[in-house]
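Observations on the model geometry
Spelled out, the chains give:
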Amino acid sequence: MGTVERELLLDAFDSNWIAPLGPHVDAFEREMCELLGIGHAAALSSGTAALHLSLLILGVEPGDEVITSTLTFSATANAVTYCGARPVFVDSSQETWNIDPGILAEELKSCADRGKLPKAVIPVDLYGQCADYAPITEICARYEVPIIEDAAEALGASYRGHAAGTLGSMAVLSFNGNKIITTSGGGMLLSDNEEWIKRTRYLATQARDFAPHYQHSTIGYNYRMSNLLAAVGRGQLRVLDDRVSARRANNRFYREALSKVQGITFLPEASYGRSNCWLTCILIDPKEFGASTEEIRIHLESQNVEARPVWKPMHMQPAFSDCRKRGGDVSVGLFEHGLCLPSGSNLNPSERELVVELIRSVPGR
Ligand SMILES: Cc1ncc(COP(=O)(O)O)c(C=O)c1O
């Protein structure tokens, strides 16, 4: 956090707009739209809330299916279950770690052959890199299935010149504490469809109908963002470019320092876009490197340096064991051999050096 965030937060405080609405909420939405080049935005209490509402807007209900990437954080799949629907998991491509468009095409064809298409496809822009939207959009358009872009990790990234957050019929952002910019907790739903975003705001404020008394013709949610947090978000938006530069510098540093080490490769950056490098992730070949991913993680931890395994695929999670999947071997390999390195925007050079030194000196190599 910097001085601008502090000033805006105090401005919100002094104005006495201490509520899940107010001038900073409106301004945060407007400024995000201008930055990304999208028509409308609703600031919400979390990215998960944004995912939930995006599915409700598309009419997802019990008995429906929604396709998503198996390699993601559980929030993506959880939101599908909140609607009583079932997620269907598609494997990653080895090149981007994102949903594999070829496998998605196979799954959609088999859904069409069975006569039951999913209500939506949710590609996830994993670790700050956009999925490959040109083929994904073409395939989904063929079957008239809408795309919800889960850009929770990817604010500041781009795909063929278009900003992450503008690549589906709707898109979801997260401002959780660990994200590239944060409001401590928060999220946003984005779309060019004004009616959808108006309905999002309505559902997010307990679905109060237009009446002088409390009138509700549908079930609503308490999902709006606080004016205080929106003020912080506005300040953070102004430093987004700095944050992306810092994360990309971390990535460059690790690549230069480790890419010649036998048995270490990096999450590739696809030529179709620019990643925000939210997290720098490596893959370990234990035979070539001489130690396993877990041995590296434990060695780092012994020196109080936190690294985390790559997301465990959803099709391996007990909570989703009864859900359909297509493919899965690639994401299982990424989980078994992948490690997310310390990637904070405020890492200093000696901290990064320490990470590299510890990886090089894993015992037993
Ligand atoms: C891919 C992905 N989707 C959704 C979410 C949910 O966002 P939030 O934590 O704001 O609910 C997150 C992160 O937390 C995420 O990484």
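Up top is the structure.
What comes next concerns the included structure.

Quick notes on the rules
Residues numbered from 1 in each chain as written. Predicted model: local features only at pLDDT ≥ 70, side-chain atom pairs only at ≥ 80, totals over all residues. Heavy atoms only, no water. Helix = DSSP H or I, 4+ residues; strand = E, 2+ residues; numbered from the N terminus. Rg over C-alpha atoms; globule rule 2.2 N^0.38 Å. Buried < 20%, exposed > 50% of the residue type's maximum accessible area, 1.4 Å probe, protein only. Contact = heavy atoms within 4.5 Å. Areas by Shrake-Rupley, 256 points an atom, 1.4 Å probe, with all protein chains shown as cover. Lys, Arg positive; Asp, Glu negative; His and termini not counted. Charge placed at Lys NZ, Arg CZ, Asp CG, Glu CD. Polar contact = N/O pair within 3.5 Å; in protein donor to acceptor, adjacent residues only side chain to side chain. Near = heavy atom within 4 Å. Nonpolar A, V, L, I, M, F, W, Y, C, P; charged D, E, K, R; others polar. Pairing = 2+ DSSP bridges. Axes fitted to C-alpha atoms, helices over the stretch in contact; angles between N-to-C directions.

Overview of the overall build of the protein
When you go through the protein residue by residue, the secondary structure sums to 13 helices and 15 strands. The C-alpha atoms of the protein give 21 Å as radius of gyration, which agrees with the globular expectation for 365 residues (21 Å, within 12%). Principal axes of the C-alpha set define a box for the protein whose edges measure 70 × 60 × 35 Å. In the protein, which comprises 365 residues, the share counted as buried stands at 53%. Of the contacts made within the protein by residues no fewer than 6 positions apart, 70% connect residues no fewer than 24 positions apart. Carbon and sulfur atoms make up 51% of the accessible area of the protein, which totals about 15900 Å². Where the 34 positive side-chain charges of the protein centre and where its 44 negative ones centre are 1 Å apart.

Here we look at the environment of asparagine 276
Relative to the assigned elements, asparagine 276 resides in the loop between β11 (273–274) and β12 (281–284). Judged by its relative accessible area of 0%, asparagine 276 falls in the buried class. Along the primary structure asparagine 276 and glycine 128 are separated by 148 residues, whereas in three dimensions their C-alpha atoms are 5.0 Å apart. Aside from chain neighbours lying at most four places away, what touches asparagine 276 is Tyr127, Gly128, Glu153, Ala154, Leu155, Gly156, Ala157, Ile180, Val244, Arg247 and Arg248. Here tryptophan 278 takes part through its backbone nitrogen, which lies 2.8 Å from a polar atom of the side chain of asparagine 276.

Focus: the site of the ligand
Around the ligand sit 16 residues in total, of which Gly47, Thr48, Glu153, Ser174 and Lys179 are the nearest. Between the ligand and glycine 47, the relevant distance is 2.7 Å, taken from an oxygen atom to a main-chain nitrogen or oxygen of the residue. At 2.9 Å from an oxygen atom of the ligand is found a side-chain nitrogen or oxygen belonging to lysine 179. Within the complex, 94% of the 380 Å² of free accessible area of the ligand lies under protein. Sort the elements by how many residues they give to the shell around the ligand and helix α3 (residues 47–57) lands first, with three residues. Residues of the shell around the ligand, tallied by class, amount to five nonpolar, eight polar and three charged.

Looking at the sheet that holds strand β4 (residues 120–122)
Taking strand neighbours across the sheet as the criterion, the four strands line up as β4-β2-β3-β14 in an open arrangement whose pairing is parallel. Strand pairing shows two members of the sheet lacking a second neighbour, β4 and β14 (325–326), which therefore form its edges. Bridge count for strand β2 (residues 65–69) against β4 is three bridges, and the pairing is parallel. Across the sheet, residue valine 66 finds its bridge partner in β4, namely alanine 120. The sheet contacts of helix α4 (residues 74–82) involve β2, β3 (86–90) and β4, and relative to β3 the element is tilted by about 150 degrees.

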